[in-house]
Amino acid sequence: MGRQWGPSMRAAEQAGCVVSASRAEQPEAGLWSCSGVILSRSPVLVLCHGGIFTPFLRGGSGALTVAGATFLPGDSCGDDLRLHVQWGPTAASSAGRAEEGLPGLCTPRCAGLEPGQAAQPRGRLLQAAHAAELLLLLSCPAFRAHFARLFGSEAAEQWRFASAAPDEEVSGEEEEDQLRALGWFALLRVRPGGEAEAARGPAVTVAPLGAVAKGAPLLACGSPFGAFCPDIFLNTLSRGVLSNAAGPLLLTDARCLPGTEGGGVFAARPAGALVALVAAPLCWKAREWVGLTLLCAAAPLLRAARAALARLPDVAALAALLPPEVGAPRGLLLRGPGPPWAAAAVLVEFGSVWGSGVAMAPRLVVTCRHVAPREEAKVLVRSTNPKSVSIWGRVIFATQETSPYDIAVVSLEEDLDGVPMPRPAEHFHEGAAVSVVGFGVFGQACGPSVTSGILSAVVQVDNTPVMLQTTCAVHGGSSGGPLFSTHSGDLLGIVASNTRDNNTGATYPHLNFSIPITVLQPGLQRYRQTGDLGGFRELDRAIEPVRVVWRLQRPLPTIPRSKL
C-alpha cells in the first residue's frame, strides 16, 4: 500500500480487536459483536461501538436518548452481561506482519470468541479471548448535534443507518435500537491475566479534530461480521479519503462492512494517528447504498471519556491512561481545508434543482444541462472555498436534449475571487488515481464532498476520448462536478451520471461516467478568445458512434446486403 501507509498499518494492526457480548450461561441467546480499538496496554483499555450493548441495558435503548445523557456507568447493563476481547499477535508483540512486510497468511478456521480458546492456524496466530468489564457507555454530544442537524429533517426520512440492506427483514424495534445507539461507544477494561498483561505494544496516538483535511487519505481497520471467523476477517484494512466533515461527524469512502462498527480509522499524516471510529459502516439513502461510511472523530470522543471517568471515583484514575492528541493544537489546522484543486467545485442552484459545477474562469462555470436546462435561465452559484460567496449567473449555453453530451455553461455577474482555476488535462491514463468533488450526499450543508477511485476506462471513438469511467462514489447532486487527477490536480472531466439498473432500479455509485475535458476545450478556448458560442454548438452535432456510446448501447451489427 506504499511507504506512506507503513506507520498506519502498524498502528491499525496493533490496536485492532474484536469485542463480543453474551448472556451468562445462555449461549442460545446469541452473541453480539463489533470491532474495537486498544487504547492502553497496562491495563488494557478498549474503545468499541455501543450498539452491541442495547440488549443488555436495564432501561432499554431509550436510556440512550434521555435529554442531556452523555454517558452511562457500567452498571447500566444487566449483571448477566459477559464480555470478551480478542486481538492478533501484533497487538501484543512488536513483531508483526506489517513490520515484516509479510502478508500474514493464516488457515481459515473460523475461531470463535469463547474464553480461553485460541485459534490454531498454521500462520498468523490469534490470542485467546480475554474477559473484560464495561466501564461506561459514552457519546459525543457534538456528533449527536450534527447528526440531528443533517438527518433530523423531513428529507432525512430517506436515510437509513442499519447493518442490513433495506430489503432485508429487520424488526422496527431492532432498527430503532440501532439508530439510538448510532453515536454511542463503550469503554472496556480487560480483566488482568497473564496473556493480557503481556500486551505491552505502543499505545495509539490521536489526531486532533480538524488536523486531517478533506480529501486526505485514511485507512480503516475493522473486522467484518465481528466475531465470525476472526482468523479470516480480523483487522481487515480498507483505504479511502476523508470525504466530508461536520464537526466530529465525518464521512469516508473507505468501504466498511457490518461488524466493523467501532473499528479505528487512521491517518497517513499525522503518521498512524487515530482519526475516528466507525459509527455506521453502511449508509442508505432512498433505499440505495451511497458507498460512504459514517465516522465519529476520536479526539472529542476521548475528551468525553475523560470527563465521564472523572465523575466515577472508582475508575477516575484511568483517565490519565487514555491516549494523547498529537500534531496541531486543538482548533489549528495542520493543513488547508482540502486539496487546492477542490476549490474549483461550486454549487449550482436552479429553482428547487441543484447540482455541482466547476469554475473554468473567474466568471465562467460549466455544469450539466439537467442541472441548468434552459438558455437565458438565471442560476445561483455558491462557492465555499476559500470563502463562502453566492453569485447570480445566466445560462449562456445548454446542449440540446438529443445531444450525447449533457453540458451547460453559466456566465456569472461577478468574479469568483480567490478560486483557483483548474488546469485541463491533455491525456488520460487508465488506472490512474482520480477524485470527484461534488455536492452530492449533503448538498449545501457541509460543502463539497471528495471521493477517490481510479480511472477505470477511457472510451474512445476514432482514437478520441469521448467518455471517462471511474470507481469514485458519485451520488445525486454530484452531476456537473469536476473529475481531477489526484496526483497532478489536472481537470480530467465533468461528471455526468452514475449508473442505474433499469430492471431493478438499483443505482451503483462506484460506476459512473464523465465527459472528457478535451471534448469541451475547443468550445472553451473559442469563447474566451472571441465570445463566440459556436464551439459549444458543435457538441450538438456529435457523430452517431458517440451517441451510441452515451446511450450505453451496443452498436448495431452490420447486416450483409442481399445479393438478390
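Only a predicted model underlies this, so the values are computations on that prediction, with no experimental measurement involved.

Here the focus is the state of the cysteines. Under the counting rule described, the total for this entry stands at zero disulfides. A disulfide-free cysteine, cysteine 140 has its sulfur positioned 4.7 Å from the sulfur of cysteine 296, the nearest such atom. Under the relative-accessibility criterion, cysteine 140 is labelled buried at 2%.

This next bit is on the confidence of the model for the protein chain. Per-residue confidence for the protein chain gives a mean pLDDT of 84, with 82% of residues at or over 70. Every residue in residues 329-336 scores below 50 in pLDDT, and together they form eleven contacts with partners more than four places removed in sequence or on other chains.

With that out of the way, let us pick up the side chain of aspartate 406. Tracing the chain through its elements places aspartate 406 in the loop between strand E21 (389-398) and strand E22 (408-412). Buried charge without a salt bridge: aspartate 406, with arginine 369 as the nearest opposite-charge side chain at an N-O distance of 4.2 Å. A distance of 2.6 Å separates a polar side-chain atom of aspartate 406 from the backbone nitrogen of arginine 369. Within the structure, aspartate 406 has its side chain in polar contact with the side chain of histidine 370 (distance 2.4 Å).

One closed barrel accounts for six strands, arranged E17-E18-E19-E22-E21-E20; its pairing is antiparallel. Strand-to-strand, the axes of this sheet are offset by a mean angle of 40°, without reference to chain direction.

Bringing the sheet that holds strand E13 (residues 274-280) into the picture now. Sheets are built from strands that pair by backbone hydrogen bonding, the pairs being arranged parallel or antiparallel. Strands sit in the order E9-E10-E11-E16-E13-E12 around a closed barrel of six strands; the barrel is antiparallel. Neighbouring strand axes in the sheet, compared pairwise and without regard to direction, differ in orientation by 45° on average. Across three bridges, strand E12 (residues 264-267) lies against E13 in antiparallel orientation. Within E13, the residue paired with valine 265 across the bridge is alanine 276. With respect to the sheet, helix H1 (residues 6-15) is in contact with strand E9 (217-222), strand E10 (236-246) and E12, its orientation differing from that of E12 by roughly 160°.

Summed over the entire model, instances satisfying the criterion amount to eight aromatic pairs. With a centroid separation of 4.9 Å and an interplanar angle of 40°, the aromatic rings of tryptophan 341 and phenylalanine 484 are classed as tilted. On the criterion of sequence distance, the pair formed by tryptophan 341 in the loop between helix H7 (298-310) and strand E17 (345-350) and phenylalanine 484 in strand E26 (residues 482-485) is long-range, its members being 143 residues apart. For the pair tryptophan 341 and phenylalanine 484, a shared accessibility class is recorded, and that class is buried. One aromatic cluster is present, formed by Phe225, Phe228 and Phe233 through successive ring pairs. The ring centre of tryptophan 392 lies 5.0 Å from the NZ or CZ of lysine 378, which sits over that ring.

Our next topic: the pattern of salt bridges. Inspection of every chain in the model, using the stated rule, returns 13 salt bridges. Between glutamate 413 and lysine 378 there is a salt bridge whose closest N-O contact spans 3.7 Å. One end of the pair, glutamate 413, is in the loop between E22 and strand E23 (433-438); the other, lysine 378, is in strand E20 (residues 378-383), with 35 residues separating them in the sequence. The exposure class assigned to glutamate 413 is partly exposed, which follows from its relative accessible area of 46%. In this structure, arginine 541 engages glutamate 538 in a salt bridge whose closest nitrogen and oxygen atoms are separated by 2.7 Å.

Next up on the list: the environment of alanine 245. As for its placement among the helices and strands, alanine 245 is situated in strand E10. Classification of alanine 245 by relative accessible area gives partly exposed; the value is 35%. Ignoring any residue separated from it by four or fewer positions in sequence, one finds alanine 245 in contact with Leu250 and Cys446.

Given a rise of 1.5 Å per residue, 14 residues ought to cover 20 Å, and the 20 Å separating the end C-alpha atoms of helix H8 (residues 517-530) matches this to within 8%. Elements that come into contact with the buried residues of H8 comprise strand E18 (353-361), strand E19 (364-367), strand E25 (464-470), strand E27 (491-500), strand E28 (507-516) and helix H9 (534-537). One or two steps after H8, the chain reaches glycine 531, where phi turns positive at roughly 75°.

Among the surface-exposed residues, Phe225, Phe228 and Leu257 lie close enough to one another that they form a single nonpolar patch of about 300 Å² accessible area. Relative to the helices and strands, phenylalanine 225 resides in the loop between E9 and helix H6 (230-233). Judged by relative accessible area, phenylalanine 225 falls into the partly exposed class, the value being 41%.

Quick look at the side chain of threonine 252 now. Mapped onto the elements, threonine 252 comes out in strand E11 (residues 249-252). Every residue in contact with threonine 252, bar those within four places of it in the chain, is listed here: Leu218, Gly240, Val241, Ser243, Leu292, Thr293 and Leu295.

Cut-offs applied
- Residues numbered from 1 in each chain as written.
- Predicted model: local features only at pLDDT ≥ 70, side-chain atom pairs only at ≥ 80, totals over all residues.
- Heavy atoms only, no water.
- Disulfide = S-S within 2.5 Å.
- Buried < 20%, exposed > 50% of the residue type's maximum accessible area, 1.4 Å probe, protein only.
- pLDDT = per-residue confidence, 0-100.
- Contact = heavy atoms within 4.5 Å.
- Helix = DSSP H or I, 4+ residues; strand = E, 2+ residues; numbered from the N terminus.
- Lys, Arg positive; Asp, Glu negative; His and termini not counted.
- Salt bridge = Lys/Arg side-chain N within 4 Å of Asp/Glu carboxyl O.
- Polar contact = N/O pair within 3.5 Å; in protein donor to acceptor, adjacent residues only side chain to side chain.
- Pairing = 2+ DSSP bridges.
- Axes fitted to C-alpha atoms, helices over the stretch in contact; angles between N-to-C directions.
- Phe/Tyr/Trp six-rings, centres within 6.5 Å; stacked < 30°, edge-to-face > 60°.
- Lys NZ or Arg CZ within 6 Å of the ring centre and 35° of its normal.
- Expected span 1.5 Å × (residues − 1).
- Patch = residues over 30% accessible without salt bridge, like charges linked within 9 Å, V, L, I, M, F, W, Y side chains within 5 Å.
- Areas by Shrake-Rupley, 256 points an atom, 1.4 Å probe, with all protein chains shown as cover.

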